Amino acid sequence: AGAELVEEPAEREKLARLNAEAGRKAKASAAYRSAAAYFSLAFSLFPGDLWEADYSLAFSLGMDRALCELMSGNGAEARRLMEDVLPRARDRLHMMAAYHLKSDFLLGTGESVASGTTFLECLERLGVPISPHPTEEEIEAAYQEVQAVLAHRSVEAIAELPLVTDPYIQAL
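Chemist: Please clarify how the side chain of Asp64 should be interpreted in this entry.
Modeler: Looking at the secondary structure, you find Asp64 in helix H4 (residues 55–71). When neighbours within four sequence positions are excluded, Asp64 is seen to be in contact with Arg24, Lys27 and Phe39.

Chemist: Looking at this structure, how should I read a negative patch on the surface?
Modeler: A surface patch of negative charge is lined by Glu136, Glu137, Glu138 and Glu140. Looking at the secondary structure, you find Glu138 in helix H8 (residues 136–150).

Chemist: Could you clarify how one ought to interpret the nonpolar core in this entry?
Modeler: Across soluble globular proteins, nonpolar side chains have a tendency to be buried as a group. Within the largest apolar cluster, 35 residues are counted, with the highest numbers of intra-cluster contacts made by Leu50, Trp51, Leu57, Phe59, Leu61, Met63 and Met82. Of all the elements in the fold, those that place two or more residues in this core are helix H1 (9–28), helix H2 (32–45), helix H3 (50–53), H4, helix H5 (75–85) and helix H6 (92–108). With residues up to four places along the chain from it excluded, the contact list for Met82 reads Ala66, Leu101, Lys102 and Phe105.

Chemist: Would you explain the packing of aromatic side chains in this entry?
Modeler: What characterises a pair of aromatic rings is the spacing of the ring centres plus the angle enclosed by the ring planes. Taken as a whole and assessed by the stated rule, the structure comprises three aromatic pairs. An angle of 50° between the planes, with centres 6.0 Å apart, marks the rings of Trp51 and Tyr55 as tilted. A residue is classified by how much of its surface remains accessible, and Trp51, at 6% relative accessible area, is buried. An aromatic cluster of at least three residues, connected via ring pairs, comprises Phe43, Trp51, Tyr55 and Phe59.

What counts and what doesn't
- Residues numbered from 1 in each chain as written.
- Predicted model: local features only at pLDDT ≥ 70, side-chain atom pairs only at ≥ 80, totals over all residues.
- Heavy atoms only, no water.
- Helix = DSSP H or I, 4+ residues; strand = E, 2+ residues; numbered from the N terminus.
- Contact = heavy atoms within 4.5 Å.
- Patch = residues over 30% accessible without salt bridge, like charges linked within 9 Å, V, L, I, M, F, W, Y side chains within 5 Å.
- Areas by Shrake-Rupley, 256 points an atom, 1.4 Å probe, with all protein chains shown as cover.
- Salt bridge = Lys/Arg side-chain N within 4 Å of Asp/Glu carboxyl O.
- Lys, Arg positive; Asp, Glu negative; His and termini not counted.
- Charge placed at Lys NZ, Arg CZ, Asp CG, Glu CD.
- Core = buried A, V, L, I, M, F, W, Y, C linked by side-chain atoms within 4.5 Å.
- Buried < 20%, exposed > 50% of the residue type's maximum accessible area, 1.4 Å probe, protein only.
- Phe/Tyr/Trp six-rings, centres within 6.5 Å; stacked < 30°, edge-to-face > 60°.

Structural data, given as structure tokens:
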């Protein structure tokens, strides 16, 4: 309630991190409206540009808040947050998590074609462009390529790939 009275940068950062933790606990309890409010406050309290100061915290707050806004029925704000977070993703796993959330949002709003397009956009950004309407030859060539890549890997080795262990991917 008195957050606006806190002026010292170190105290603002501490308060921001406490609000982030409160948001995570509220989210875990399915109190999505409260969680979204805590995440929003945490982001606004952090002194300076949070994306520059603590990218990991900024990304997790953005993703968590977008999900909580979505679960609270605030689709417009969820969409705005996703559009803000997505271009800021710095690595492949964060990019995939953000695209996955966006795709789920689009599916939930009945935009199934846009959801599919979102996955194709993600794959293209990852260097794996796929035609939305592949020919039989393209399908066969892709199948053969996947078989060649996986042929010498055990099931255990495939299961240990980073995609499977990323917490954002698992949560989505």
